[in-house]
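In case you want the letters, here they are:
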Amino acid sequence: MGHSSGLHDSLRNEIALKKSIIQGEAEKLKILPVSGDQTGITLGDRMSALKNEPWLALVKKQFEMIVVDLPSINVSNDAQLLAPLLDGVIVVAEPTITNIESIRSVVLTLRNSKANVLGVVVNKVSSRDKMQWTV
């Protein structure tokens, strides 16, 4: 997308939130890239520090729905820190990468952090493995 500012910059108040948001391909789709200077600080670190600040409330007032794409909970603690601040969390997994026990563990970890886990989406399930992943 080639956008030089983003979420990290708007959290630092270096750039206005409106200037960081770009228009998506669909008319009502707005995108807030994470881009910008991310030196040494994760998104979770920033959002956790802002828990009592009006930033997230301001964003929620401006949009009907907010979708936050976060890295795997096994790679970063961003999801665990941010999940309690969000209205809901959907865990996305791939059967060739994540087994059922790992998914259960992730859901339990998120619930223990006071996240509202709405469900799990398992992508790329082969027809051979379909019954194993059917609830």
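Placed above this text is the structure.
Keep in mind the model is a prediction, meaning the values are calculated, not measured. (Residues numbered from 1 in each chain as written. Predicted model: local features only at pLDDT ≥ 70, side-chain atom pairs only at ≥ 80, totals over all residues. Heavy atoms only, no water.)

## A word on the overall build of the protein
What counts is decided by this rule: Each helix corresponds to a stretch of at least 4 residues labelled H or I by DSSP, and each strand to a stretch of at least 2 residues labelled E; elements are numbered beginning at the N terminus. Only protein chains enter the accessibility calculation, which uses a 1.4 Å probe; a residue is then buried when its area is under 20% of its type maximum, exposed when over 50%, and partly exposed in between. We call two residues contacting when some pair of their heavy atoms lies within 4.5 Å. Per-residue accessibility takes into account occlusion by the displayed protein chains alone, with areas from the Shrake-Rupley method and a 1.4 Å probe.
Secondary structure summary: the protein contains seven helices and four strands in total. Helices (α) and strands (β) of the protein occur, in sequence order from the N terminus, as α-α-β-β-α-α-α-β-α-β-α. Per-residue burial over the protein gives 30% buried out of 135 residues. The long-range fraction of contacts in the protein, counting pairs at least 24 apart against all pairs at least 6 apart in sequence, stands at 66%. Here the protein has roughly 9,500 Å² of accessible surface; of this, 53% comes from carbon and sulfur atoms.

## Some details on the pattern of salt bridges
Basically, it comes down to this: Any carboxyl oxygen of Asp or Glu that lies within 4 Å of a side-chain nitrogen of Lys or Arg is treated as forming a salt bridge with it.
Inspection of every chain in the model, using the stated rule, returns two salt bridges. With a closest N to O distance of 3.6 Å, Lys124 and Glu94 form a salt bridge. One end of the pair, Lys124, is in the loop between β4 (117–122) and α7 (130–133); the other, Glu94, is in the loop between β3 (89–93) and α6 (100–112), and 30 residues separate them in sequence. Of the charged contacts in the structure, one is a salt bridge between Arg104 and Glu101, with a shortest N-O distance of 2.5 Å. With Arg104 and Glu101 both in helix α6, this residue pair falls three residues apart, about one helical turn.

## Thoughts on the pairing of β4
Just so we agree on the cut-off: Two strands pair if DSSP finds at least two bridges between them. The path from the first strand over the helix to the second decides the hand: if it runs clockwise while the strands point away from the viewer, the crossover is right-handed.
Note that β3 and β4 share five bridges and pair parallel. Looking at the pairing, Ile90 lines up with Gly119 of β4. A crossover links β3 with its parallel partner β4, the connecting element being α6, and its sense is right-handed.

## Concerning the layout of surface pockets
Test applied: Site definitions follow a grid-based scheme: protein atoms alone, a 1 Å grid, a 1.4 Å probe that fits but cannot get out for cavities, and for pockets an open set with protein on both sides within 12 Å along at least five of seven lines, plus lining residues having an atom within 4 Å of a point. Grid points are joined across faces, edges and corners, and a volume is the space filled by probe spheres set on the points.
One number sums up the size of the largest pocket: a volume of about 1,600 Å³. As for the largest pocket, its lining consists of 49 residues, and the residues nearest its centre are Ile66, Val67, Val68, Asp69 and Leu70. For the lining of the largest pocket, the element with the highest residue contribution is β3, accounting for five residues.

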